[in-house]
Amino acid sequence: MNTTSFAINKPPRVKGLPFLGSTLKLMKDPLQFCVEEYEKHGPVFEIKTLFNDIVVMAGLESNQFLSREAKDYLVWPNSSSTGVARPKMTTSTRSLFFS
């Protein structure tokens, strides 16, 4: 049997409080928080919140990649409660996109 193994590199995780992660900072000013972390970590980073881990993909290159390659890397549920499809990583991590 021929098997292929590969390593999955996880994005850098934003430092936060135990259990709460970055929830409080994110709630206070989400845009400013994401901009600051983008400047520290680059276009892809992970945020731990109280209930979720969120992968942020920011900037032009990330958005271009997602618009062209998302179907190969993301699972798109039919719709959310608002009727808008929400992208989810193929792991249990949620994603946030902005440019």
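Residues numbered from 1 in each chain as written. Predicted model: local features only at pLDDT ≥ 70, side-chain atom pairs only at ≥ 80, totals over all residues. Heavy atoms only, no water.

Participant: Pulling in residues and values, what's your account of the nonpolar core?
Facilitator: Ranked by size, the top nonpolar core spans 9 residues in total: Val14, Leu26, Phe33, Cys34, Phe45, Ile47, Ile54, Val56 and Ala58. Elements supplying a minimum of two residues to this core: helix H2 (30–41), strand S1 (44–48) and strand S2 (53–58). Per element, the largest residue contribution to this core is 3 residues, and it comes from S2. The residues touching Ile47, leaving out its near neighbours within four places in the chain, are Val14, Ser22, Leu26, Phe33, Cys34, Asn52, Asp53, Ile54 and Val56. Core analysis: the next-biggest nonpolar cluster, separate from the first, contains 5 residues, Val55, Met57, Leu66 and Leu74 among them. (Core = buried A, V, L, I, M, F, W, Y, C linked by side-chain atoms within 4.5 Å. Buried < 20%, exposed > 50% of the residue type's maximum accessible area, 1.4 Å probe, protein only. Helix = DSSP H or I, 4+ residues; strand = E, 2+ residues; numbered from the N terminus. Contact = heavy atoms within 4.5 Å.)

Participant: Can you explain the side chain of Thr23? Please cite residues and give values.
Facilitator: Locating Thr23 in the fold gives a position in helix H1 (residues 23–28). What makes Thr23 buried here is its relative accessible area of 11%. A polar contact of 2.7 Å, which involves the side chain of Thr23, links it to the backbone nitrogen of Leu50. In this structure Thr23 touches Lys48, Thr49 and Leu50, once residues within four positions along its chain are discounted. (Polar contact = N/O pair within 3.5 Å; in protein donor to acceptor, adjacent residues only side chain to side chain.)

Participant: Help me get a handle on the side chain of Ser22, residues and values and all.
Facilitator: Relative to the helices and strands, Ser22 resides in the segment before H1. According to the relative accessible area criterion, Ser22 is buried, its value standing at 2%. Excluding residues within four positions of it along the chain, Ser22 makes contact with Val14, Lys15, Gly16, Phe33, Ile47 and Lys48.

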